[in-house]
Amino acid sequence: MSEIRKIENFAAPELDVYARLSEPQLLHYYEPQPGLFLAESPRVIERALDAGYEPVSFLAGSAELAANGALFARYPDAPVYTAETKVLEQLTGFALTRGMLCAMHRRPLSTMEEICRNARRVAILENVVNPTNVGAIFRSAAALGIDAVLLTSGCSNPLYRRAIRVSMGNVFQVPWTVLPGGSYWPEQGIAALQELGFYTVAMALKEDSVPMDDPSLKTHEKLAILLGTEGDGLASDTIAETDATVLIPMTHGVDSLNVAAASAVAFWELAGRMACTRFG
C-alpha cells in the first residue's frame with residue numbers, strides 16, 4: 001500500500017509539482033530527458049496507468065482515499081499526499097475533478113515512422129495551440145477510427161493537464177508524437193508521410209477543394225488528414241505540399257467550424273464509417 005502523507009506544510013518541496021511548477025516547467029523537468037505531467041481524476045489516472053505511465057506521487061482529497069485504495073495499492077512506492085479537498089484546491093489553485101491528481105513520468109516520444117507503420121488513417125495537427133481543442137481532437141480521434149496523431153512543434157502538448165482532462169484520458173489510447181521543429185515542417189514532413197504511402201489531404205477552404213463526402217477519398221488505403229491552427233487554419237505552404245484540399249459542405253453561409261468540431265466531422269466521414277464497418 002502506498003504511504004499516506006497528510007499535508008501539513010504547503011511549502012514542502014515534494015509538492016512543487018502540484019503547487020508551484022507550470023506545465024512547461026513540468027515538461028522540461030528532467031531535460032534533456034522526458035519530464036513530468038499531471039493526470040486528473042481517478043478514471044483518467046487509471047487510463048494512464050493502464051497505458052504504462054509510471055506515477056511519481058498522488059494528491060488526493062481525504063474523501064478519495066478509501067474509494068481508490070486498490071489504485072494506490074498498485075504502486076506502493078508512490079506516496080499519496082492528502083488533505084481536505086478545499087485545502088488541496090488552495091494548494092493547486094484550481095478545482096479538482098473528483099478530488100485527485102497524479103504526477104507521472106513522461107515517456108520518450110516515438111518517431112513518426114514507428115507510430116504510422118501499421119496506421120491507415122492519421123491526423124496531423126499544425127500549430128493547434130489551445131489545449132482544450134487538442135484534448136477534444138484526441139477524444140474524437142479515439143472514437144472515430146484515427147490510428148495515430150502527429151503534432152507540429154507549435155501545438156499545445158497533449159499531456160498538459162487540461163488537454164488530458166478534456167480528452168477523457170484518450171491521449172493515452174491513441175498513439176501520437178511531436179514532429180521535429182525548424183525547417184522539417186511542412187515540406188520534409190509531408191514528403192515523409194507520402195513516402196509511407198499516405199495520401200495527404202488538407203482541410204482548407206479553396207476553390208479546388210473536394211467535398212469531404214467525395215467517394216474518391218474512400219479509395220485510398222492510407223489517408224493523412226491535416227488540420228490547422230485556430231483562426232488562420234493551415235499555412236499556405238503546407239496546403240501547397242499536400243495531395244488535395246478537402247472541405248466540409250456547410251449551409252447558412254457558414255464557412256468554417258472550430259478545429260475540434262471540424263476534426264470530429266472529418267474523422268467520422270474519412271475514418272469512422274470505415275472503422276464501424278470493420279469493427280461494428
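Structural data are supplied above this passage.
Keep in mind that this is a model prediction, so the values were computed, not measured.

Draft legend 1. Quick look at the overall build of the chain. Scanning the chain for helices and strands turns up twelve helices and twelve strands. The C-alpha radius of gyration computed for the chain amounts to 21 Å, which stays within 12% of the reference 19 Å derived for 280 residues, consistent with globular compactness. With respect to the three principal axes, the spread of C-alpha positions in the chain is 65 × 40 × 35 Å. Buried residues in the chain amount to 48% of all 280 residues. Within the chain, contacts between residues separated by at least 24 positions form 79% of all contacts whose residues are at least 6 apart in sequence. Total accessible area computed for the chain in this model is approximately 13,200 Å², and 50% of it derives from carbon and sulfur atoms. Taking the average place of the 22 positive charges on the side chains of the chain and the average place of its 32 negative ones, the gap between the two points comes to 8 Å.

Draft legend 2. Representation of the state of the cysteines within the structure. All told, the structure shown has zero disulfides when counted by the stated rule. Unpaired in terms of disulfides, cysteine 116 finds its nearest cysteine sulfur in cysteine 155, a separation of 15 Å.

About the thresholds
Here the residue index of a chain counts from 1 through its sequence in written order. The predicted origin of the model limits local features to residues at a pLDDT of at least 70 and limits the giving and counting of side-chain atom pairs to 80 or more, whereas totals for whole chains, interfaces and linings rest on all residues. Excluded from the side-chain calculations are hydrogens and water; all other atoms, namely the structure's heavy atoms, are used. Counting from the N terminus, the helices are DSSP H or I runs at least four residues long and the strands are E runs at least two residues long. The quantity called the radius of gyration is restricted to C-alpha atoms. Its globule counterpart is 2.2 Å times the number of residues to the power 0.38. In this scheme, a residue with accessible area under 20% of its type's maximum is buried, one over 50% is exposed, and one in between is partly exposed, where area comes from a 1.4 Å probe on protein chains only. Contacts: residue pairs with any heavy atoms within 4.5 Å of one another. What sets the accessible areas is the Shrake-Rupley method with a 1.4 Å probe; for residues, cover comes only from the shown protein chains. Only four residue types enter the tally: Lys and Arg on the positive side, Asp and Glu on the negative side; His and the chain ends are excluded. By convention, charge coordinates are those of NZ in Lys, CZ in Arg, CG in Asp, or CD in Glu. What counts as a disulfide here is a pair of cysteine sulfur atoms lying within 2.5 Å.

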